[in-house]
Amino acid sequence: MTQDQWLILTILTATVAMFLWGRWRHDMVAAGALLACVVVGLVPARDAFAGFGHPAVITVACVLVLSRGLQTSGAVDVLARTVLPAQSGRMLSLMALMGLGAFLSGFMNNMGAMALLMPVAIHLSQRLELTPGQVLMPLAFGTILGGMTTLIGTPPNLIVSGFRAETGLGSFAMFDFTPIGLAVALAGVLFVALIGWRLVPARKQSGIEGFESGAYITEVRVLEDSKAAGMRLREIEDALADVDAQIIGLVQREVRIIAANSWRKVHAGDILMIEAEADALTDVLSILGLKLEEEVKPEKDEIPEADAKADTAAAKDKKGKDADTPRKRDDGDGDDIEAAEAPLKSGDIVLMELAVLPNSPLSGRSASDILLRTRYGVNLLALSREGKRSMKRLRSMAIQSGDLLLMQGPPESISEFASDNACVPLAQRELRIPNKRKIWEASLIMLFAVGGAAFGLLPAAVSFAIGVLASMALRTVPPRAVYDAIDWPVIVLLGALIPVAGAMEATGTADLIARLLIENVAQGHAVVGLALILVVTMFLSDLMNNAATAAVMCPIAIGTAAALGVSPDAFLMAVAIGASCAFLTPIGHQNNTLILGPGGFRFSDYWKLGLPLEIIVVAVSIPLLLVVWPL
């Protein structure tokens, strides 16, 4: 062994050890490995950060942004509600949920798909009379399996494709992973849905309750194209039964009806007063195509007189603080209406819960009294008053200390409102208000980006970068939220390890390791060598980040194929499959970690379902690798 080989092996061993130890974040360890290689001369200083411009890194970042667009537009919520059966049994329900998670993971970040479907899984567990963990673990494994079906499904696939390009064979195409990935995913989903879920320990749930704020009272308007238009109240209540929402009042032709007859017909323009949990508001809006009343631009004759009068002096106090926030026009002609109609900037909007403190000046005042829109440019969407129910209109309901307010607006404006009125922010809600136009835009952008890469019209990185630019232009992902959508630790990890993997190849270390494996374990048998690469990759992926595993194993896989005199394609595909199959521990994949608390799991719970699933993956993938990618 040469000195350079000793150096890179020492650095690589220390890196893997640090990954396994878990004391520092993966991106810190990867950056340390890169800098160590630069310091000892294994990576030229001028090429130290070349990995951050690698197409795989760019594509991962772009896919994360496009995934955010699908999430925030409500596209996934609509798909979930359409696909998942409402009254089926355990096996069919689990199969549908895992299938949907796998499908979404093929085209968006699989952690994003998991996060979106977690509330659905928890609700489903209650209907199926299972513990949350018995549904969450199958869902987590389903989303992991789905990621291996396309080029963009998971970062390891992009890394593998990048290494293939460096061998001179070109990158893998968008759906080159599909034949094997889809077969493995189908086998895994069927096993878990039919048998495997019974192997999940029935742990007591923990951590899913989160912040319990009680039920909110909110107002929703029935639009012309709403499903609710023409329905009777009884029919609407039946439609909302599954999301635990109830109608507590109706405003029809400007007349408030408290105990409306259940046979009364609802018309376009009517306002329903609904009591529901904050997390259920998205479903309330989506199921019947309703619109939050505070988001509907008010007609001039709908602005209450209090809005047109209100504290001129208080409004003047705010003058000049924020030129972008709608303000009251104090010209003496009652033109406050024009200010009240100023729309909030879409994309700069968040939903946040505020608690009203005992000394708050809001006590006894309503949203109309304090001119929320005029003075702060924010909306009061809903109010929660534990144990009490008011039949007043939301905008005229007197606020009391201890109330919880669900506010909508720019974060700076909500913070200013909270500071001025002695309110404490409690939680920023991920309430996805369905927007048909945004759903279509986000879906079409993703479709065209995938199509451009799949049909070879553009390189994947360029195609998805154009998609990101289109998302920003159409504001399916607001420009200010683009950088928040990117998982920067993953980007740093990939950008740092790519030059390290290059150093393994340049020094001949990858070939050295490959020869040792072949001579001492595989003994010259290509099929044994292929299985060995797959199993070793799966084992490492259970203990360290899957992207890091792929970056470490790709050079070894290529070296093994070269030593055996066979095509590297099957070996690279084995790395892609193995890196995506981390089912034995909660630390192998982010989705496994995500369910650790909500499922009440212990570290040792994962292997009970994960081990037989990994055996099935090996049994299915090895024969298919030999058929689809002949040696």
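See the structure shown above.
Here we summarise the structure given alongside this text. Every value quoted in this text rests on a predicted model; they were computed, and no experiment measured them.

## Some remarks on the packing of helix α5 (residues 90–105) against helix α7 (residues 132–146)
Across the interface, α5 lies against α7 with an axial gap of 7 Å and an inter-helix angle of 35°. Both α5 and α7 take part in a crossing whose hand is right-handed. Only Q134, V135, P138, L139, G142, T143 and G146 of α7 make contact with α5, whose side of the interface consists of L94, L97, M98, G101, A102 and S105.

## A word on the pairing of strand β4 (residues 271–277)
Among the 7 residues in β4, 6 count as buried, and that is most of the element. In terms of strand pairing, strand β2 (residues 246–252) meets β4 through 5 bridges, oriented antiparallel. The partner of Q246 across the bridge, within β4, is E275.

## Here we look at helix α26 (residues 607–628)
The first and last C-alpha atoms of α26 sit 30 Å apart over 22 residues, in line with the 32 Å expected at 1.5 Å per residue. Of all the positions in α26, only L609, G610, L613, E614, V617, S621, I622 and L625 are classed as buried.

## Structural notes on the packing of aromatic side chains
Considering all chains together, one arrives at 6 aromatic pairs under this definition. Relative to F583, the ring of F141 lies with its centre 4.8 Å away and its plane at 55°, an arrangement referred to as tilted. Here F141 is found in helix α7, whereas its partner F583 is found in the loop between α24 (569–580) and α25 (590–594), with 442 residues between them in sequence. The buried category is assigned to F583, whose relative accessible area is 0%. Taken together through their ring pairs, the aromatic side chains of F172, F177 and W629 make up a single cluster. Looking at R164, its charged tip hangs above the ring of F172, at a distance of 4.6 Å from the centre.

Quick notes on the rules
- Throughout, residues of each chain are indexed from 1 in the direction in which the sequence is written.
- With the structure being a predicted model, the display of local features is reserved for residues of pLDDT at least 70 and the display and counting of side-chain atom pairs for 80 or more, all residues being used for whole-chain, interface and lining totals.
- Here the side-chain values reflect all heavy atoms present in the structure, with hydrogen atoms and water set aside.
- All axes are obtained by fitting lines to C-alpha atoms, using only the stretch in contact for helices, and the reported angles, taken between N-to-C directions, cover 0 to 180 degrees.
- Numbered from the N terminus, helices here are DSSP runs of H or I no shorter than four residues, and strands are runs of E no shorter than two.
- Here a crossing is taken to be left-handed if its near helix is turned anticlockwise relative to the far helix by less than a right angle, and right-handed if that turn runs clockwise.
- Contacts are assigned to residue pairs with any non-hydrogen atoms lying within 4.5 Å of each other.
- To sort residues, take the accessible area from a 1.4 Å probe on protein chains only and compare it with the maximum for the residue type: under 20% means buried, over 50% means exposed, and anything in between is partly exposed.
- Whether two strands pair comes down to DSSP finding at least two bridges between them.
- Multiply 1.5 Å by the residue count of a helix minus one, and that product is the helix's expected span.
- Pairing of aromatic side chains requires ring centres within 6.5 Å, counting the rings of Phe and Tyr and the six-membered ring of Trp. Pairs whose planes differ by under 30 degrees are stacked, by over 60 edge-to-face, and all others tilted.
- Only lysine NZ and arginine CZ atoms are considered, and such an atom sits over a ring when it is within 6 Å of the ring centre and within 35 degrees of the ring normal.

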